[in-house]
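# A closer look at the structure
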Amino acid sequence: MEHGGEKALGEQAKPEGGCLYVCSTPIGNLRDVSLRLLEVLREADIILCEDTRQTRKLLSRYEIPGGDRLVSFHEHNEAARAEWLAERLREGKRVALVSDAGTPLISDPGDSAVAAALEAGVPVVPVPGPSAFLAAVMASGLPATPLVYLGFPPRSRSDFARFLAPYRQLPATLVMYEAPHRVANLLRWLGEELGDRPAVLAKEITKLHESFWRGTLQELESRLAAEGARGEYVVVIDNRGAQVEHEVHESEEARWAAAVREVERLMEEGCSHKEAVKRASEAHGVKRRELYNRTLGE
């Protein structure tokens, strides 16, 4: 390992030829930029933007010329532009991919751009920076690991239930994005599916009216009803209680299984079904009537 100079800082050598820079941009506060991001934006031949108007504001704030380098690249045209992008990369163009705010591909366009770069055989270089869901987790006070990012949930109740099903019993922190006019429904549905878990509602992160509401899902739903919803939300849920519930359920089932086996054993020794149920229910702390019904075939 070399010491001294720039290499001691771990700086990468710049790729030769075409490359795709995947760039995180501010999520509200325009001062949340890195020196590396500004350098990439100054030197890129093409800047792919979710909305050229938003990216132009960032360039203007840091006096970066070259607005003619901006090319729209959003969810409605990214597939159609993929081959065009691959050709530019093969020509040796340095392309910077940005979204309106935050990190591309994280609930924002960009998948097809990365696929095009890989198809063209050029490097994909991350330029990390702001991310709303990571910022929300950092300040939430809830465990940061294990962490599952779920993006924007489906809008219908039935689709939401199917969407959440794989994560109901997962003892992890779950993170979602939601719009202001749907966040009340989301809190209610989460409570119905997961129970009244500890949670945090974060909004306007890095902006003037940044806020973090902490409580249970029901408490947050009540507060939202009283104060109203404004701005885009990050919802962080502590689902670690799922593990405890799962263990309790498993313990309950184990107790019933032991009681059933006890009834079988006592009956093999000559006890009547009724007497075996009475003794086994007392020994294992299960309801006599239910144990009687479960072992009726015996």
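Residues numbered from 1 in each chain as written. Predicted model: local features only at pLDDT ≥ 70, side-chain atom pairs only at ≥ 80, totals over all residues. Heavy atoms only, no water.

## Let's talk about the packing of helix α6 (residues 157-164) against helix α7 (residues 183-194)
One can describe the packing of α6 onto α7 by two numbers: an axis separation of 11 Å at closest approach and a directional angle of 50°. The pairing of α6 with α7 is recorded here as oblique in orientation. Crossing geometry of α6 relative to α7 is assigned as right-handed. In this structure, α6 uses Arg157, Phe160, Ala161 and Leu164 to contact α7, whose residues at the interface are Leu186, Trp189, Leu190, Glu192, Glu193 and Leu194. (Axes fitted to C-alpha atoms, helices over the stretch in contact; angles between N-to-C directions. Helix = DSSP H or I, 4+ residues; strand = E, 2+ residues; numbered from the N terminus. Parallel < 35°, antiparallel > 145°, perpendicular 65-115°, else oblique. Left-handed = near helix turned anticlockwise from the far one by under 90°. Contact = heavy atoms within 4.5 Å.)

## Topic: the side chain of serine 112
The topology assignment puts serine 112 in helix α4 (residues 111-120). A relative accessible area of 17% means that serine 112 is categorised as buried. (Buried < 20%, exposed > 50% of the residue type's maximum accessible area, 1.4 Å probe, protein only.)

## Here we look at the pattern of salt bridges
For the coordinates displayed, the defined rule picks out 18 salt bridges. Residue arginine 265 pairs with glutamate 269 through a salt bridge whose shortest N-O separation is 2.6 Å. Judged by relative accessible area, glutamate 269 falls into the exposed class, the value being 56%. Ionic contacts of the salt-bridge type, sharing partners, join the residues Arg157, Arg168, Glu192 and Glu193 into one network. (Salt bridge = Lys/Arg side-chain N within 4 Å of Asp/Glu carboxyl O.)

## Some words on the UniProt feature "domain: Tetrapyrrole methylase" (unreviewed entry) in the protein chain
What UniProt calls "domain: Tetrapyrrole methylase" (unreviewed entry) maps, in this numbering, to residues 20-220. Helix makes up 37% of residues 20-220 and strand makes up 21%, while its end C-alpha atoms are separated by 41 Å. (UniProt positions renumbered as here; feature names shortened; annotations may be inferred.)

## Concerning the environment of alanine 276
Considering the arrangement of structural elements, one finds alanine 276 in helix α10 (residues 273-284). For alanine 276, a relative accessible area of 0% puts it in the buried group. Considered as a pair, alanine 276 and glycine 110 are 166 residues apart in the sequence and their alpha carbons are 66 Å apart. The contacts of alanine 276, once residues within four sequence positions are left out, are Val263, Leu266, Met267 and Cys271.

## Digging into the nonpolar core
If you look at the biggest cluster of nonpolar residues, it comprises 22 residues, and the most contacted ones within it are Leu164, Leu190, Leu201, Val235 and Ile237. Among the secondary structure elements, those contributing two or more residues to this core are β6 (147-151), α6, β7 (173-178), α7, β8 (198-203), α8 (217-227) and β10 (233-238). Considering each element in turn, this core owes the most residues, six residues, to α7. Other than its neighbours up to four places away in sequence, leucine 201 contacts Val183, Leu187, Ser211, Phe212, Trp213, Leu220, Leu224, Tyr233, Val234 and Val235. Cys19, Leu38, Ala44 and Leu59 belong to the second-largest nonpolar core, a separate cluster that totals 19 residues. (Core = buried A, V, L, I, M, F, W, Y, C linked by side-chain atoms within 4.5 Å.)

## Topic: the sheet that holds strand β1 (residues 19-23)
Reading across from one edge, β3-β2-β4-β1-β5 is the order of the five strands in this open sheet, with parallel pairing throughout. Two strands in the sheet have a free side with no partner beyond their single neighbour: β3 (70-72) and β5 (124-127). This sheet shows a mean twist of 25° between the axes of neighbouring strands, independent of strand direction. Here β1 pairs with β5 via four bridges, running parallel. Bridge pairing in β5 links valine 22 to proline 126. (Pairing = 2+ DSSP bridges.)

## Brief notes about the environment of arginine 155
Relative to the elements of secondary structure, arginine 155 occurs in the loop between β6 and α6. Among residues more than four places away in sequence, those in contact with arginine 155 are Arg182 and Trp189.

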